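Descriptive structure summary
What follows is each chain in one-letter form.
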Amino acid sequence: MIADLLVERKTISFEACLAQIFFVHLFTGSEMVLLVSMAYDRYVAICKPLHYMTIMSRCVCITLVLIPCGVEVAMKERVESHQMDENQTEVVREFVLAGFSQTPSIEAGLFVLFLLFYVSTWVGNVLIMVTVASDNYLNSSPMYFLLGNLSFLDLCYSTVTTPKLLADFLDNEKLIPYDLCIVQLFFLHFVGAAEMFLLTVMAYDRYVAICRPLHYTTIMSRGLCCVLVAASWMGGFVHSTVQTILTIRLPFCGPNQVDNFFCDVPPVIKLACADTFVIELLMVSNSGLISTSSFVVLVSSYTTILVKIRSKEGRLKALSTCGSHLMVVTLFFGPCIFIYARPFSTFSVDKMVSVLYNVITPMLNPLIYTLRNKEVKSAMRKLWDKSGLTWKKQET
């Protein structure tokens, strides 16, 4: 604005205009979220003065400041006259998903395999949710409260893509309407980003439990856990909204072959009849930044835990406690960073990597947490014995 006061011709390039819109809404949304955090700080200071320093610790303050802020990118109406004649433009109404194979026998085998994966995902995650909800100790523990929420997110995440994949194994055309494609893309990033933020919250929970055990129950109160879970969902919603808005503003008028078994940002925007360089840059900076920064925060937190523990026995105990978390983090974040933290170019292994974090990881998470956790296994045995006794009483 100051520069324009000194020049007669007040012009701005399209890229600079987009960048200006992005950062205006980025910092405005950040300030809104920060003002809400400051209101929560005053509430704790006045209503819980004795616990103020414990609840509003430096780590909690940093977490609240770094909560994903509102990023609302509004774009100018696209100008397409330099690319094609409007009279020759044909709007794409549906996409064709590439799938894995065109051979019926192979697809029949894949259908059975992925159906087993999906059923296992449902059984494992529902079992964890029911176990946590039915056991008083697990339900009152912050770690298992977060684990129950993670299982719910895993269930939702797998459900976004797997049912359509199973249906396509039995359908030669593999069509998906444009609207349904956008809905799938939205919920994929909504649930996926929420899970990333929740895994970061779980890492913070482990840090407090190991490094500040005497204050653990005070810091990780049920109220704070609910706030952090809600913030994870809100962060996922904001992230997904940005991705979806940027996608639906693109014109689709030519090829409609999506090179994957579901609708995702990278393969879909490749089909746009416009220059997508700026859009790709914004999307990579959004998705790639969230994936990479969350992974760095997670690894840093676990490294800090190990560094702060001096004794060998303590480190072994910390490794046994955090080992399952590290395994889940690696399985989930590794493929996501590979897909989203690079320019949108296609590799032959992209489909297999997508299967890993869309289908395999939600199925493995219950196994990873239950096989290494005595408390969860004990609660499951109690639940099994209790259900068995109830069944016998009904028979008699």
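As annotated in an unreviewed UniProt entry, the protein is Olfactory receptor from Camelus dromedarius. Recorded in UniProt under Sequence similarities (unreviewed entry), the annotation for the protein is "Belongs to the G-protein coupled receptor 1 family." In its Function (unreviewed entry) section, UniProt records this for the protein: "Putative odorant or sperm cell receptor."

1. Side note on the pairing of strand 1 (residues 94-97)
In this sheet, strand 2 (residues 175-177) lies alongside strand 1 in antiparallel orientation, the contact comprising 3 bridges. Bridge pairing in strand 2 places Glu-94 opposite Pro-177. As paired elements, strand 1 and strand 3 (residues 257-258) share 2 bridges and run parallel to each other. Directly across from Val-96, in strand 3, lies its bridge partner Gln-257.

2. A closer look at the UniProt feature "transmembrane region" (unreviewed entry) in the protein
Residues annotated in UniProt with the feature "transmembrane region" (unreviewed entry) correspond here to residues 20-40, 52-75, 110-132, 182-204, 224-242, 288-307, 319-340 and 352-371. Taken end to end, residues 110-132 is 100% helix and 0% strand, and its first and last C-alpha atoms sit 33 Å apart. Taken end to end, residues 224-242 has its terminal C-alpha atoms 27 Å apart, with 100% of it in helix and 0% in strand.

3. With respect to the pattern of salt bridges
Applying the stated criterion across every chain yields a total of 5 salt bridges. Residues Arg-42 and Asp-41 are paired through a salt bridge, measuring 2.8 Å at the closest nitrogen-oxygen approach. The exposure class assigned to Arg-42 is partly exposed, which follows from its relative accessible area of 43%.

4. Considering the sheet that holds strand 2
Reading across from one edge, 2-1-3 is the order of the 3 strands in this open sheet, with mixed pairing throughout. The strands lining the two open edges of the sheet, one partner per strand, are strand 2 and strand 3. The strands touched by helix 7 (residues 178-211) within the sheet are strand 1 and strand 2, with strand 2 carrying the most contacts at an inclination of about 85°.

5. Brief notes about the packing of helix 7 against helix 9 (residues 222-248)
One can describe the packing of helix 7 onto helix 9 by two numbers: an axis separation of 7 Å at closest approach and a directional angle of 145°. Every pair of crossing elements has a handedness; the one defined by helix 7 and helix 9 is right-handed. When the residues that make up the contact of helix 7 with helix 9 are grouped by side-chain class, the tally is 16 nonpolar, 10 polar and no charged.

6. Let's talk about the state of the cysteines
Applying the stated criterion to the full structure yields 2 disulfides. Residue Cys-181 pairs covalently with Cys-263 via a disulfide, S to S 2.0 Å. The sign of the S-S torsion, about -115°, decides the handedness of the disulfide formed by Cys-181 and Cys-263: left-handed. On the criterion of sequence distance, the pair formed by Cys-181 in helix 7 and Cys-263 in the loop between strand 3 and helix 10 (265-269) is long-range, its members being 82 residues apart.

7. Some remarks on unusual backbone geometry
Positive phi, close to 55°, is recorded for Lys-174, a residue that is not glycine. For Lys-174, the location among the structural elements is in the loop between helix 6 (142-169) and strand 2.

8. Considerations on helix 6
End to end, helix 6 covers 41 Å across 28 residues, agreeing with the expected 40 Å (1.5 Å per residue, within 8%). Thr-159 marks the point of greatest bend in helix 6, at about 40°, and the proline Pro-163 comes within the next four residues. Burial analysis of helix 6 places 23 of its 28 residues in the buried class, which makes it a mostly covered element.

9. A few points about the side chain of Asn-260
Looking at the element boundaries, Asn-260 is found in the loop between strand 3 and helix 10. Polar contacts involving the side chain of Asn-260 include one to the side chain of Ser-354, which spans 3.4 Å. Setting aside residues up to four positions removed in sequence, Asn-260 forms contacts with Leu-97, Ala-98, Gly-99, Pro-267, Lys-351 and Ser-354.

10. Structural notes on helix 4 (residues 104-134)
Across its 31 residues, helix 4 extends 44 Å between first and last C-alpha, which sits within 8% of the 45 Å expected from 1.5 Å per residue. Of the residues making up helix 4, those classed as buried are Glu-107, Phe-114, Phe-117, Tyr-118, Thr-121, Gly-124, Asn-125, Ile-128, Thr-131 and Val-132.

11. Quick notes on the environment of Ile-106
Among the structural elements, Ile-106 can be located in helix 4. Separated by 63 residues in the primary sequence, Ile-106 and Phe-169 place their C-alpha atoms 9.2 Å from one another.

12. Here's the deal with the packing of aromatic side chains
Working definition: an aromatic ring pair is given by the centre-to-centre distance plus the angle between the planes. Using the criterion set out here, one finds 23 aromatic pairs in the structure. Relative to Phe-187, the ring of Phe-186 has its centre 5.2 Å away and its plane inclined at 85°; by these criteria the two rings are edge-to-face. On the basis of relative accessible area, Phe-186 is assigned to the buried category, the value being 17%. Classification of Phe-187 as partly exposed rests on a relative accessible area of 39%. With a centroid separation of 6.3 Å and 45° between ring planes, the pair formed by Phe-187 and Phe-190 is classed as tilted. With Phe-187 and Phe-190 both in helix 7 and 3 residues apart, this pair spans about one turn of that helix. The exposure class of Phe-190 is buried, given its relative accessible area of 14%. Positioned over the ring face of Phe-145 is Arg-222, at 4.3 Å from the centre of the ring.

13. Let's talk about the nonpolar core
Side chains of nonpolar character tend, in soluble globular proteins, to be buried together. Within the largest apolar cluster, 71 residues are counted, with the highest numbers of intra-cluster contacts made by Phe-114, Leu-199, Met-220 and Tyr-357. The element contributing the most residues to this core is helix 7, with 15 residues. If near-sequence neighbours (up to four positions away) are discounted, Tyr-357 is found in contact with Tyr-157, Phe-262, Asp-264, Phe-332, Pro-335, Cys-336, Ile-339, Tyr-340 and Pro-362. Residues Cys-263, Val-268, Leu-271 and Ile-279 belong to the second largest nonpolar core, which totals 26 residues.

Rules of the game
- Residues numbered from 1 in each chain as written.
- Predicted model: local features only at pLDDT ≥ 70, side-chain atom pairs only at ≥ 80, totals over all residues.
- Heavy atoms only, no water.
- UniProt positions renumbered as here; feature names shortened; annotations may be inferred.
- Pairing = 2+ DSSP bridges.
- Helix = DSSP H or I, 4+ residues; strand = E, 2+ residues; numbered from the N terminus.
- Salt bridge = Lys/Arg side-chain N within 4 Å of Asp/Glu carboxyl O.
- Buried < 20%, exposed > 50% of the residue type's maximum accessible area, 1.4 Å probe, protein only.
- Contact = heavy atoms within 4.5 Å.
- Axes fitted to C-alpha atoms, helices over the stretch in contact; angles between N-to-C directions.
- Left-handed = near helix turned anticlockwise from the far one by under 90°.
- Nonpolar A, V, L, I, M, F, W, Y, C, P; charged D, E, K, R; others polar.
- Disulfide = S-S within 2.5 Å.
- Expected span 1.5 Å × (residues − 1).
- Bend = angle between axes of the 7 residues up to and from the residue.
- Polar contact = N/O pair within 3.5 Å; in protein donor to acceptor, adjacent residues only side chain to side chain.
- Phe/Tyr/Trp six-rings, centres within 6.5 Å; stacked < 30°, edge-to-face > 60°.
- Lys NZ or Arg CZ within 6 Å of the ring centre and 35° of its normal.
- Core = buried A, V, L, I, M, F, W, Y, C linked by side-chain atoms within 4.5 Å.

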